[in-house]
Structures are given as structure tokens and as C-alpha cells.
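# Observations on chain architecture
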Amino acid sequence: MSDKTPWPLLKKKFQIDIPKGLPADLWAELIPKDNPMSAAKVSLGEKLYFDKRLSVDRTVSCATCHDPATALADNNAVGIGIKSLKGARNAPTVLNSMFNELQFWDGRAPTLEEQAKLPIINPLEMGMKDHNVVVDRVREAAEYRPLFRSAFGNETITIDAIANAIAAFERTQLSGDSPFDRFIAGDNNAISDAAKRGWDLYNGQGRCISCHAWNASQPFFSDFKFHNIGVAAKDQNITALARKARQLISQGRNKTQVTDELTLREGFSELGRYLVTGQPRDIGAFKTSMLRDIELTAPYMHNGSEKTLLDVMKFYNKGGEINPNFDGGMRPLKLTDPQLDEMVEFMKTLTSDATRRRMQTSKPQTRDVAR
Ligand code: HEC
Ligand code: HEC
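Summary of the structure given here. (Residues numbered from 1 in each chain as written. Chains lettered and ligands numbered in written order. Predicted model: local features only at pLDDT ≥ 70, side-chain atom pairs only at ≥ 80, totals over all residues. Heavy atoms only, no water.)

All right, on to the site of ligand 1 then. Cys62, Cys65, His66, Phe104 and Lys287 are the nearest of the 28 residues found near ligand 1. One of the side-chain N or O atoms of His66 is found 2.9 Å from a nitrogen atom in ligand 1. At 3.1 Å, a side-chain N or O of Gln115 approaches a nitrogen atom of ligand 1. Residue assignment for the shell around ligand 1 shows that the elements contributing at least two residues are helix H3 (62–65), helix H4 (112–121) and helix H7 (159–170). Top element by residues in the shell around ligand 1 is H4. It accounts for 5 residues. For the shell around ligand 1, the residue count by class is 15 nonpolar, 8 polar and 5 charged. (Near = heavy atom within 4 Å. Polar contact = N/O pair within 3.5 Å; in protein donor to acceptor, adjacent residues only side chain to side chain. Helix = DSSP H or I, 4+ residues; strand = E, 2+ residues; numbered from the N terminus. Nonpolar A, V, L, I, M, F, W, Y, C, P; charged D, E, K, R; others polar.)

With that settled, the discussion passes to the packing of aromatic side chains. This structure, assessed with the given rule, holds 17 aromatic pairs. Ring centres of Phe99 and Phe220 lie 4.2 Å apart, and the angle between their planes is 25°; on these two criteria the pair is classed as stacked. Of the two residues, Phe99 sits in the loop between H3 and H4 while Phe220 sits in the loop between helix H9 (193–203) and strand S1 (226–227), which places them 121 residues apart along the sequence. Judged on exposure class, the residue Phe99 and its partner Phe220 are both buried. Each ring, one from Tyr202 and one from Phe221, has its centre 6.3 Å from the other, and the planes form 85°; the classification is edge-to-face. Residue Tyr202 is found in helix H9, and its partner Phe221 is found in the loop between H9 and S1; the two are separated by 19 residues along the sequence. Neither residue differs from the other here; Tyr202 and Phe221 are each classed as buried. (Phe/Tyr/Trp six-rings, centres within 6.5 Å; stacked < 30°, edge-to-face > 60°. Buried < 20%, exposed > 50% of the residue type's maximum accessible area, 1.4 Å probe, protein only.)

Right under this line is the structure:
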């Protein structure tokens with residue numbers, strides 16, 4: 001592994017070091033049978049992840065929007081791709097993304113492998129015309145051939161091989177060993193008294209646990225389900241918009257690609273899970289976010305509409321925003337200002353020391369043209 005991965009995740013013979021607080025058995029279980037891990041594949045995936053030549057004008061890589069200098073996310077409200085084109089959704093962190101049951105805010109990609117193919121051909125992100133162009137670009141770069149040989153046993157470069165390598169790299173991008181993990185492991189001094197009161201509120205009056213579920217075997221603070229908590233889809237014309245979206249998707253030749261492009265258009269983007277399922281109850285529903293390292297990945301929500309964690313708490317305290325498809329689990333919380341602060345204190349205990357260190361020691365990605 002190169003020095004971009006600062007902690008020795010890959011021990012001898014690929015005995016991966018799973019950070020404290022994360023379930024090693026689940027990690028192993030989630031490695032797909034048809035894409036086994038190997039050190040060679042991971043290091044190829046890492047190179048591809050950071051390679052700006054995968055975008056049409058050679059200025060944007062995966063790392064541009066999922067940058068180690070910003071906890072494998074960015075601090076923009078919405079993703080900014082080639083030529084500074086803006087999408088409509090906030091870039092989530094890639095850290096622990098392998099534990100997502102489905103990928104993206106609306107779950108439209110089932111696996112990391114499928115996910116990785118989409119930004120490359122997305123017109124507002126990396127802008128390649130189709131996957132053949134990407135494959136040609138990687139074939140042109142002679143240094144890749146031996147790397148594909150060591151990763152896959154041959155030099156045949158395909159979009160599937162590219163996606164498999166990137167996904168393998170992503171499965172090494174883990175975050176754990178936070179003060180909260182040490183507290184749960186028995187170190188009572190690992191977090192402050194205010195944060196402990198915040199954790200009690202999280203489980204009690206705050207009702208967070210009902211969606212941001214936590215337990216030792218699934219310690220990611222998400223139920224991985226989709227809820228409309230009123231961040232979007234509040235407009236009167238949302239039903240008309242929903243009808244229009246169904247039409248566009250059913251008429252499109254490539255449904256995955258049409259859906260992917262609609263998610264980047266303001267208005268349509270707010271339909272959330274509905275774009276994937278076509279079920280009216282999914283209008284405005286988005287995936288419950290994982291909360292590890294949340295302090296480092298502002299702004300918040302699928303559209304980056306909340307600037308700080310205190311803003312998020314104020315949003316929940318007023319009960320979210322009522323709209324036609326509002327989740328039944330939402331209601332005003334009647335928390336006092338000091339209690340809101342305690343909940344923010346609690347969320348800050350979910351930051352991994354390693355992730356913070358890596359942020360401080362990584363040079364931010366630039367948008368210079370790659371040669
Ligand atoms: C222009 C910025 C941009 C680029 C470039 C980009 N992404 Fe993303 N990424 C985003 C945004 C925005 C989302 C959320 C989109 C959505 O959910 O509709 C996202 C979502 C994801 C997710 C899903 C995470 C989750 O919690 O659901 C993964 C994984 C991911 N990207 C990996 C990658 C990889 C791998 C690449 C390179 C092949 C890449 N991204 C390129 C902005 C970007
Ligand atoms: C009814 C389910 C539900 C409840 C209850 C709930 N959340 Fe959420 N949370 C979500 C969903 C869904 C999202 C994403 C919503 C969106 O972007 O549209 C989210 C987003 C967030 C985010 C932003 C994450 C990011 O990466 O941008 C934070 C922080 C958060 N919730 C914290 C909390 C806290 C703290 C509580 C308790 C006070 C709570 N949530 C209660 C479902 C819920």
C-alpha cells in the first residue's frame with residue numbers, strides 16, 4: 001500500500017486490521033465471493049480511485065469528492081464535478097461504505113462494484129461518454145498493465161475489473177476506534193459526562209436510535225432504511241414531478257443511467273427513494289445516514305442543507321418538517337438548549353482518531369489536469 005493509507009490495515013498475508021468497535025466477522029462476510037480481496041487488487045484500486053484520467057477532462061477522480069483530507073467526503077453542500085458542474089446531492093463518506101446495505105442516498109446501487117461504474121459516466125461528475133472510453137483510457141496508460149496482471153492474473157482491462165479493484169480498495173477504508181468505541185469497551189473516562197448524557201438522550205427522549213440504530217454487531221448508527229424526515233419534497237408540485245420522473249425512467253433506454261441523471265437535477269433529486277421503487281410512500285425518503293466521523297463531514301443531509309450538527313439538532317427538535325409522506329416516527333422532541341449541546345457532544349465522540357490524523361496529514365486533492 002502507498003503512503004496514502006496511513007495505518008497498517010493490511011497485515012502480512014492480508015490479515016486486515018479491523019479497527020476497534022467494528023465487527024470483523026461482518027467485514028469478512030461482506031466480501032463478495034466473485035471479488036475476493038488481495039493486496040495487489042487493493043493497491044490497483046487505490047491507484048484508480050486517485051486517478052483523474054478516469055474523468056473526461058482529466059481533472060476529477062473519485063478522491064476529488066471523497067478526499068482523505070476531508071474524511072473521504074468533501075465539505076461542499078453538493079457534489080462538484082468536471083468544469084465545476086454542480087449536482088444536487090451531498091457526497092457521503094466512503095469510510096465504512098462497504099457496510100451499507102445499499103449504496104447512495106436512495107439505494108439505487110446494490111453493491112460497491114455497481115456504484116463505482118456510475119460516477120465515471122455521469123455527465124456532471126466525471127463526464128465520460130460511456131464505459132468503453134474509460135476502459136480505453138486505462139489501457140492507454142501502460143503502467144496499469146502489470147498491475148491488472150498481478151490483481152487479476154491477466155492484463156485484460158474491462159469496466160468490471162476496474163470496478164472490482166476500486167471496490168476492493170473501498171473495503172479497506174474503515175473507520176472505528178473512536179472515543180465512543182472505547183467507552184463501550186469499558187473505558188468510562190473515554191467520553192465526557194455531557195456526551196454520556198447525550199448518548200442517553202439519543203436512546204431516549206431524542207428517539208434517534210429508532211432510525212440510527214446501533215448495536216455491537218451493526219455498530220454504524222443506521223437501520224439502512226429509507227425515511228422521509230422532511231428535508232425535501234415539501235413542494236406542492238411534488239406529485240406532478242413524481243409522475244414526470246416515472247415517465248422519463250420508463251421511456252429511457254438505460255433505466256439505471258436515466259435514474260442516475262435525475263438524481264442530479266434539482267426537484268427530481270428530492271424524490272429520493274421513489275426514483276428507484278416508484279412507490280408513492282418513498283417520495284422524499286432517503287437512507288438513514290451512518291453517523292461515524294459525522295463531525296468531520298459537514299454540511300449535512302442529502303442536499304447539504306444543514307450547516308452544523310447543532311443545526312441538525314434544531315431541525316429534529318422542531319420535529320422535522322411535516323409533508324405528505326412524512327415518517328410516522330418523527331415528532332417534536334422538547335429538548336432544552338443544553339440538551340441539544342449534549343447530543344452534539346455525543347456525536348463528536350464518534351470521530352475516529354485515525355481518520356482525524358489522516359485528515360491532518362493528507363494534502364487536499366487539486367483539480368489540476370493529470371498528465
Ligand atoms: C463530483 C463528485 C463525485 C465524484 C467524482 C465521485 N463521487 Fe461518489 N458520491 C458523490 C455524491 C454526490 C454521492 C451521493 C449521490 C447520491 O446518493 O445520489 C456519492 C456517493 C458515493 C457512494 C455511496 C455512499 C453511501 O453512503 O451511499 C460511494 C461508495 C461513492 N460515491 C464512491 C465513489 C467512487 C468509487 C467514485 C469514483 C469512481 C466516486 N464516488 C466519484 C460525489 C462524487
Ligand atoms: C425517522 C427516522 C430518523 C430519526 C428518528 C432520526 N433520524 Fe437522523 N436521519 C434520518 C434520515 C433518513 C437522514 C437523511 C435525511 C435526508 O438527508 O433527507 C438522517 C440524517 C441525519 C444526519 C445527517 C447525516 C449526514 O451525513 O448528512 C444526522 C447528523 C442525524 N440524522 C442525526 C440524528 C439524530 C441526532 C437524531 C435524534 C435526535 C436523528 N438523527 C433522528 C433518519 C432519522
